[in-house]
Amino acid sequence: MFNLQSFADHIVSVHPDGTHHTYGELAQDTQELNGHLQAHALVFCLCENNYESLVGYVAMVNHGNVALMLDAHIEESAFDTLCRTYRPPYIWRPVNGIREDKDGKVVYRLGSYALISTGEVQNKPLPDELSVLLTTSGSTGSPKLVRLSKKNLLSNAQSIVEYLHITADERPITGLPMYYSFGLSIINSHLLVGATLLMTSDSYVQREFWVFANEQGFTSFSGIPYTFEILKKLRFWSMKCPTLKTLTQAGGKLNNELLQFFIENGREKGVTFYLMYGQTEATARMSYLPPEQSLSKLGSIGKGIPGGHFYLQDDDGSIIDVPNVVGELVYEGDNVSLGYAENPEDLYKQDENHGILHTGDLAYRDDDGFYYIAGRKKRFLKLFGNRVSLDYIETLLKAYLKECVCVGNDSQLIVYTTDDEFNADMIIDFLVNRTKILRSVFSVRHINQIPRSDTGKILYKELPIE
Amino acid sequence: MSNTLNTYNAVFRKTFGLSEEQLSQLEYKVYPEWNSMAHLALISALEEELDINFEADDIFAFKSYDQGKDLLHERFGLNF
């Protein structure tokens, strides 16, 4: 997938400790790692924004392994559940925290990372086209994974290169994690053209992050809506970032006021703001709003990326071809994933989507063909850039609670329960621990009875979100 | 206990779901739940409850429960 040798003397990554690596070195390090990996085997790749993580990912993708990308700080029980479910022969992870008795034997080391052979055997090689597995809802530990092919990764990266005009001169700083589809798409699109990644594990609420960014002449920064709220608080536009050219935002809806704030300030400072829309199920990105129209079409998710397009479907599945009518947003393109996996057998499944993704979002199209999100069809919230399934959270809770129903919007999740045995703090502790989502998002309300219709269907509308 | 300390503690307790006794050792990034998202939630709540406005430098400099008190004293003259 990545032709590293054609940029052998370019610098691929720079790090806060002053080290850097060339594409040539990356090629060498990935080759060495590959020597210890059986092709078409599953590898759990525990990610941090560092060189070793990058080596692991590139090695697996180039060598035909299947990489499940996970947060290196994933909660232990969630990690164990995934291990038990998928039984990976290998784990690529930080040396720090290895449980020799439980994880397996270290067979190779590079810097702060080690390759572990778990002793599991892959009886049947995984399908040739399968390349990367991503979790569906961030770090909530759900074993449901999105299956991505080489074609998915490559077509999405190429398309991103085209619409963002990415060249080898770009120097993006990693504000997002590699195990998150948006973060990974930044890595993919920049490796494709021989650009330089500024990789730091610091967060953008730390001074060190911005010192590093400016010392290394960062040219772009990407974030989810929450990131831009923080940037505003940090008085981002009074910081001196003379080399910055591009800001990109995806991962949920940024309110129009903040959008306008970033677009207008950007224009004054010569920084282009790109609003984008995507889902892990489509590798990462599906549409972008061309910056020339970002104010005249404020609030729109734009139009399909090069090589992809949208259409709208009504409840009967027929295509809506008139403007300003709401229907389900459907995307068609080479970046639509192969499907989901919920157990090891599913990894052998064929392409189930055939390039068509029903996004679960409700949208309409204006007279000029620009799309606007109007709501959500399925019971999903988008919290901090991650899609969170309310049904999945209910399943988690039902291990403890006799009866509960979750409702919410993109800033809060409310648990309604009839179970008096557990108080709100206990329930919230459990959710924070399992999902790694900010505590203030959750609230619990005890009620006497879950409202149901005559046929026993839960009446969600009678459970207030306010 | 001063009112300021009461409010300060209440914001920490609410953000992290902890009891009074658990607050003193809290440190950004060391305590797992105090990540960048929680940091902003904490800063926003402190601004609102204590009626202050953080500058970017204050947000960067705020690193722990204990040191935060000194910072608020120095920057905003709050007494704990």
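Rules behind the numbers
Counting restarts for each chain: residues are numbered from 1 in the order of the written sequence. Chain letters and ligand numbers both follow the written order, the letters beginning at A and the numbers at 1. Per-residue local features are limited, in this predicted model, to residues with pLDDT of at least 70; the limit for side-chain atom pairs, both in listing and counting, is 80 or more; totals at the level of whole chains, interfaces and linings are taken over all residues. Note: side-chain values were computed over all heavy atoms of the structure, leaving out hydrogens and water. Buried residues of nine kinds, namely Ala, Val, Leu, Ile, Met, Phe, Trp, Tyr and Cys, make up a nonpolar core once their side-chain atoms join them within 4.5 Å. Exposure categories follow from relative accessible area, calculated using a 1.4 Å probe and restricted to protein chains: below 20% of the type maximum is buried, above 50% is exposed, and the middle band is partly exposed. Each helix is a run of H or I in the DSSP string that is no shorter than four residues. Each strand is a run of E no shorter than two, and both are numbered from the N terminus. Domain start and end points were adopted from an automatic or database domain assignment. Throughout, a residue-residue contact means that at least one pair of heavy atoms, one from each residue, lies within 4.5 Å. When two parts are brought into contact, each loses some accessible area as probed by a 1.4 Å sphere; the total of that loss over both is the buried area. By salt bridge we mean one thing: a side-chain nitrogen of Lys or Arg within 4 Å of a carboxyl oxygen of Asp or Glu. A 3.5 Å cut-off defines polar contacts: any pair of N or O atoms within that distance qualifies, except that in protein one atom must be a possible hydrogen donor and the other a possible acceptor, and neighbouring residues in sequence count only when both atoms are side-chain atoms. Gly counts as polar in this scheme, as do all residues outside two lists: the nonpolar Ala, Val, Leu, Ile, Met, Phe, Trp, Tyr, Cys and Pro, and the charged Asp, Glu, Lys and Arg. Strands are labelled as partners when DSSP assigns at least two bridges between them.

**Section: the nonpolar core**
Here is step 1 of the chain: By size, the foremost hydrophobic cluster in this structure holds 114 residues, and its most contacted members are A:Trp210, A:Phe236, A:Leu247, A:Leu397, A:Leu413, B:Phe12 and B:Phe62.
Here is step 2 of the chain: For this core, the leading source of residues is helix α2 (residues 36-50) of chain B, giving six residues.
Here is step 3 of the chain: Taken domain by domain, the makeup of this core includes at least three residues from each of domain 1 (4-373) and domain 2 (383-462) of chain A.
Here is step 4 of the chain: Other than its neighbours up to four places away in sequence, A:Leu247 contacts A:Phe221, A:Phe228, A:Phe236, A:Trp237, A:Phe262, A:Val271, A:Thr272, A:Phe273 and A:Tyr274.

**So, the interface of chain B and chain A**
Here is step 1 of the chain: Of the residues lining the interface, 23 residues belong to chain B; the matching set on chain A comes to 20 residues.
Here is step 2 of the chain: On the chain B side of the contact with chain A, B:Met37, B:Leu40 and B:Phe60 bury the most area, a combined 35% of that side's loss.
Here is step 3 of the chain: Across the chain B-chain A interface, the total number found is five salt bridges.
Here is step 4 of the chain: We note a salt bridge from A:Arg235 to B:Glu55, for which the minimum N-O separation is 3.3 Å.
Here is step 5 of the chain: The tally of links between chain B and chain A comes to seven residue pairs in polar contact (both at pLDDT 80 or more).
Here is step 6 of the chain: Only α1 (3-16), α2 and α3 (56-61) of chain B provide two or more residues apiece to the side of chain B that touches chain A.
Here is step 7 of the chain: Its residues assigned to classes, the side of chain B that touches chain A comprises eleven nonpolar, five polar and seven charged.

**Considering the sheet that holds strand β2 (residues 20-22) of chain A**
Residue and element names in this part refer to chain A.
Here is step 1 of the chain: Overall, mixed pairing links the three strands, which are arranged β2-β1-β10 in an open sheet. The sheet terminates laterally at β2 and β10 (197-198), the two strands that pair on one side only.
Here is step 2 of the chain: In terms of strand pairing, strand β1 (residues 11-14) meets β2 through three bridges, oriented antiparallel. When the bridges of β2 are listed, Val14 appears paired with His20.

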